[in-house]
Amino acid sequence: MKIKRDISRMRVAAILCIGAVALPFFSCKKKNLREAEVVITDPDRHYYPVIQGEILPINYEIENVSDNPLVVQEIQTSCGCLVPFDDLPIMVLPNNKNTIRMAYNSIKNTGHVQHQIYLYGNFTDSAYRQLNFDTNVVPPADYTRDYEVLYHEQMEKGNKNIQDIVDGNSVEKGYYTDEHGDLRENTRRERQEKVDELLNF
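Small disclaimer: the values here were computed from a predicted structure and weren't measured. (Residues numbered from 1 in each chain as written. Predicted model: local features only at pLDDT ≥ 70, side-chain atom pairs only at ≥ 80, totals over all residues. Heavy atoms only, no water.)

Asker: Which residues make up the overall build of the protein chain, and what values go with them?
Answerer: Secondary structure assignment for the protein chain yields four helices and eleven strands. Buried positions account for 24% of the 201 residues belonging to the protein chain. Across the protein chain, contacts joining residues at least 24 apart in sequence account for 66% of those joining residues at least 6 apart. On the protein chain, roughly 14500 Å² of surface is accessible, and the fraction owed to carbon and sulfur atoms is 53%. (Helix = DSSP H or I, 4+ residues; strand = E, 2+ residues; numbered from the N terminus. Buried < 20%, exposed > 50% of the residue type's maximum accessible area, 1.4 Å probe, protein only. Contact = heavy atoms within 4.5 Å. Areas by Shrake-Rupley, 256 points an atom, 1.4 Å probe, with all protein chains shown as cover.)

Asker: Explain the nonpolar core to me, using residue names and the numbers behind them.
Answerer: Grouped together as the largest cluster of nonpolar side chains are 26 residues, with contacts concentrated most on Ile58, Tyr104 and Leu119. Of all elements in the fold, only strand S1 (38-40), strand S4 (55-64), strand S5 (70-77), strand S7 (90-92), strand S8 (97-105), strand S9 (111-121) and strand S10 (128-138) reach the threshold of two or more residues within this core. With four residues, the single largest contributor to this core is S4. The contact partners of Ile58, leaving out residues within four places of it in the chain, are Arg45, Tyr47, Leu82, Ile100, Arg101, Met102, Tyr104 and Phe133. (Core = buried A, V, L, I, M, F, W, Y, C linked by side-chain atoms within 4.5 Å.)

Asker: Which residues make up the confidence of the model for the protein chain, and what are the values?
Answerer: Predicted coordinates in regions of low pLDDT should not be interpreted in detail. Across the protein chain, the average pLDDT comes to 77, with 61% of residues at 70 or higher. Within the model, pLDDT remains below 50 along residues 21-30, and this stretch shows zero contacts once partners closer than five positions in the same chain are excluded. (pLDDT = per-residue confidence, 0-100.)

Asker: Can you tell me about the state of the cysteines, naming the residues and giving the values?
Answerer: The full count for this structure, using the stated rule, is one disulfide. Note that Cys79 is cross-linked by a disulfide to Cys81, the S-S spacing being 2.2 Å. Taking the torsion about the sulfur-sulfur bond, which here is approximately 135°, the covalent link between Cys79 and Cys81 counts as right-handed. (Disulfide = S-S within 2.5 Å.)

Asker: How would you sum up the pattern of salt bridges? Please name residues and give values.
Answerer: What the rule picks out here adds up to two salt bridges. For the salt bridge of Glu61 with Lys97, the shortest nitrogen-to-oxygen distance reads 3.8 Å. Here Glu61, found in strand S4, pairs with Lys97, found in strand S8; they are 36 residues apart in sequence, far enough to count as distant. With a relative accessible area of 31%, Glu61 lands in the partly exposed category. (Salt bridge = Lys/Arg side-chain N within 4 Å of Asp/Glu carboxyl O.)

Asker: For the sheet that holds strand S6 (residues 82-84), give the residues involved together with the corresponding values.
Answerer: Ordered in space as S1-S4-S8-S6, the four strands form an open sheet in which the pairing is antiparallel. Pairing within the sheet leaves two strands with one partner each, and these edge strands are S1 and S6. If you compare each strand with its neighbour and ignore which way they point, the axes differ by 30° on average. Bridging between S1 and S4 involves three bridges; their strand directions are antiparallel. (Pairing = 2+ DSSP bridges. Axes fitted to C-alpha atoms, helices over the stretch in contact; angles between N-to-C directions.)

Asker: Outline unusual backbone geometry, supporting the account with residue identities and numerical values.
Answerer: Excluding glycine, a negative phi dihedral is what most residues carry, and trans is how most peptide bonds are arranged. Pro89 follows Leu88 through a cis peptide bond whose omega is -5°. Along the chain, the position of Pro89 falls in the loop between S6 and S7. Of note, Asn95 is a non-glycine position whose phi angle comes to about 55°, a positive value. Among the structural elements, Asn95 can be located in the loop between S7 and S8.

Asker: Kindly report on the pairing of S8, identifying the contributing residues and their values.
Answerer: Note that S4 and S8 share nine bridges and pair antiparallel. Counterpart to Asn59 in the pairing with S8 is Arg101.

What follows is the structure, given as structure tokens:
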């Protein structure tokens, strides 16, 4: 009985010693994760309208311009309709690029929507980077378009996806940025200038 107690005490002591030896190594790893300077391509975007229910792929390219690896440990979104494709953590090696791939499901939205994506990692000067995008979600039409003639013509040519040929795929139209100002704001300003011109007469 006494031997069994001694053995169990030795086991506990051995586990504590191993833990005490391993702990500094794990804590050093976190401390040695130095800040990485990155460039994110177009962090603020305006996507063209999508039809309600479509999945909009959203890809942000991240370039690591520092000598330290970037580790994105967590991604938070402003809506459950935004889902990341890749498993975490996502690593970007020094002087390399990687892509954060997301999917936006528009099924529960209509009208103008704005969403944010927060990347948490060892960024320079901040624990996270914020990405913004917006789009207009258009409800599907209540009527069926007449594709009969186009259908027969395209079937003879061997094309199967007639609607994409006619309308184009709305989730592949890309996005635009605020380089020349917000297009909606510019339109409002132009309208106001015309109204002011008319009132001056």
